[in-house]
Structures are given as C-alpha cells and as structure tokens.
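Examination of the molecular architecture
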Amino acid sequence: QVQLVESGGGLVQAGGSLDLSCVASGMVLRVYYMGWYRQAPGQQRELVAHITRGQITNYQDSVKGRFTISRDNVQNIVYLRMSSLKPEDTAVYYCTAGVQETDREGYRTYWGQGTQVTVSS
C-alpha cells in the first residue's frame, strides 16, 4: 500500500504565499511523476503543476511565474511553493504520484486526501 500525505495549506490574504508538501510512503520502490491538482467548489479537478522524476516541470498557464513545483527523489516528497496568491486560487489541492511498488509491475496513480487553500481578497 502507498499513502500520499499532504501538509501545508490554510488561509492567506491575496498577494501572500503558502507552501504545500506531500510525501509518498509505504511500499514505494520508485516514484515516477508527481504533481498537484486542485478543485474549486462546483468546478472540475484541474492540473496545477507536474514534475517528472527527471525534474521536468509543467504548469497550468494561470499559475506560471507564481507557483513553483519541486521534488526530492530520495525522500519521495513533492513541494508546491505558491506566491502572489489570488482569490481564484482558492480550492482543495490534491497531490498525485505515479508509484511503482515492486519490480514485477508498472506504476499506479495515487492521490492524497486533499488540503484546503483559501485566499481572501
């Protein structure tokens, strides 16, 4: 079993910053991609940022220049540094990762439980 446990989030004023982190634990042989999605009330879940094991990153256009994703391949942690936050960034943020548990199979996608980020105007 693999667990993704997120931390960080909370309430911040517009223009402020927040840091999220997520650690993959359990039967983890190798973590391929890691990323963050978000879901606002009444909206579909959307990709925020994605990072490969080789540190190649991809961002949603609306967060480019404001958010930074990074990862630690030894400790299997992914980070999301969010700056210049806007009220429209308010959502539940979910961590996701492609995790290989044994060398007899490929990777599976796992999700964290989500953490609330609220940006007040």
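Residues numbered from 1 in each chain as written. Predicted model: local features only at pLDDT ≥ 70, side-chain atom pairs only at ≥ 80, totals over all residues. Heavy atoms only, no water.

1. Structural notes on the side chain of Arg71
Inclusion rule: Per the convention used, a helix needs a DSSP run of H or I reaching at least four residues, while a strand needs a run of E reaching at least two, with both numbered from the N terminus. Partly exposed describes any residue whose relative accessible area lies between the buried limit of under 20% and the exposed limit of over 50%, with all areas from a 1.4 Å probe on protein chains only and scaled to the type maximum. We treat Lys and Arg as the positive residues and Asp and Glu as the negative residues; His and chain ends play no part in the count. We define a salt bridge as a contact between a side-chain nitrogen of Lys or Arg and a carboxyl oxygen of Asp or Glu at a distance within 4 Å. Under this definition, polar contacts are N or O atom pairs within 3.5 Å; protein pairs additionally need one hydrogen-donor-capable and one acceptor-capable atom, and for neighbouring residues in sequence, both atoms have to be side-chain atoms.
If you trace the backbone, Arg71 turns up in strand S7 (residues 67-72). With no salt bridge to any partner, buried Arg71 finds its closest opposite charge in Asp72, at an N-O distance of 7.8 Å. One polar contact links the side chain of Arg71 to the main-chain carbonyl oxygen of Ile51, over a distance of 3.4 Å. Of note is the side chain of Arg71, whose polar atom sits 3.2 Å from the backbone oxygen of Thr52.

2. Considerations on the nonpolar core
The criterion, for reference: The definition of a nonpolar core used throughout is a set of buried Ala, Val, Leu, Ile, Met, Phe, Trp, Tyr and Cys residues joined through side-chain atoms within 4.5 Å. The contact criterion used throughout is that any non-hydrogen atoms of two residues lie within 4.5 Å.
Counting residues in each nonpolar core, the largest one holds 29 residues, and the members touching the most others are Trp36, Leu80, Met82 and Tyr93. Looking at this core, the elements that each hand over two or more residues are strand S1 (2-8), strand S3 (18-26), strand S4 (30-39), strand S5 (46-51), S7, strand S8 (77-82), strand S9 (91-100) and strand S11 (115-120). Top contributing element to this core by residue count: S9, with five residues. The contacts of Leu80, once residues within four sequence positions are left out, are Leu18, Asp19, Leu20, Trp36, Val48, Ala49, Phe67, Thr68, Ile69 and Tyr93.

3. Digging into the pairing of strand S10 (residues 107-111)
Put simply, the rule is: When DSSP finds two or more bridges between a pair of strands, those strands are recorded as paired.
Here five bridges tie S9 to S10, and the two strands are oriented antiparallel to one another. Residue Ala97 lies in a different strand from S10, and its bridge partner there is Tyr110.

4. Some points on unusual backbone geometry
With phi around 75°, Gln55 is a residue other than glycine that occupies positive phi space. You can see Gln55 is positioned in the loop between S5 and strand S6 (57-59). The exposure class of Gln55 is partly exposed, given its relative accessible area of 39%. Positioned with a positive phi, Ser84 is a non-glycine residue whose angle comes to about 50°. Position of Ser84 relative to the elements: it lies in the loop between S8 and S9.

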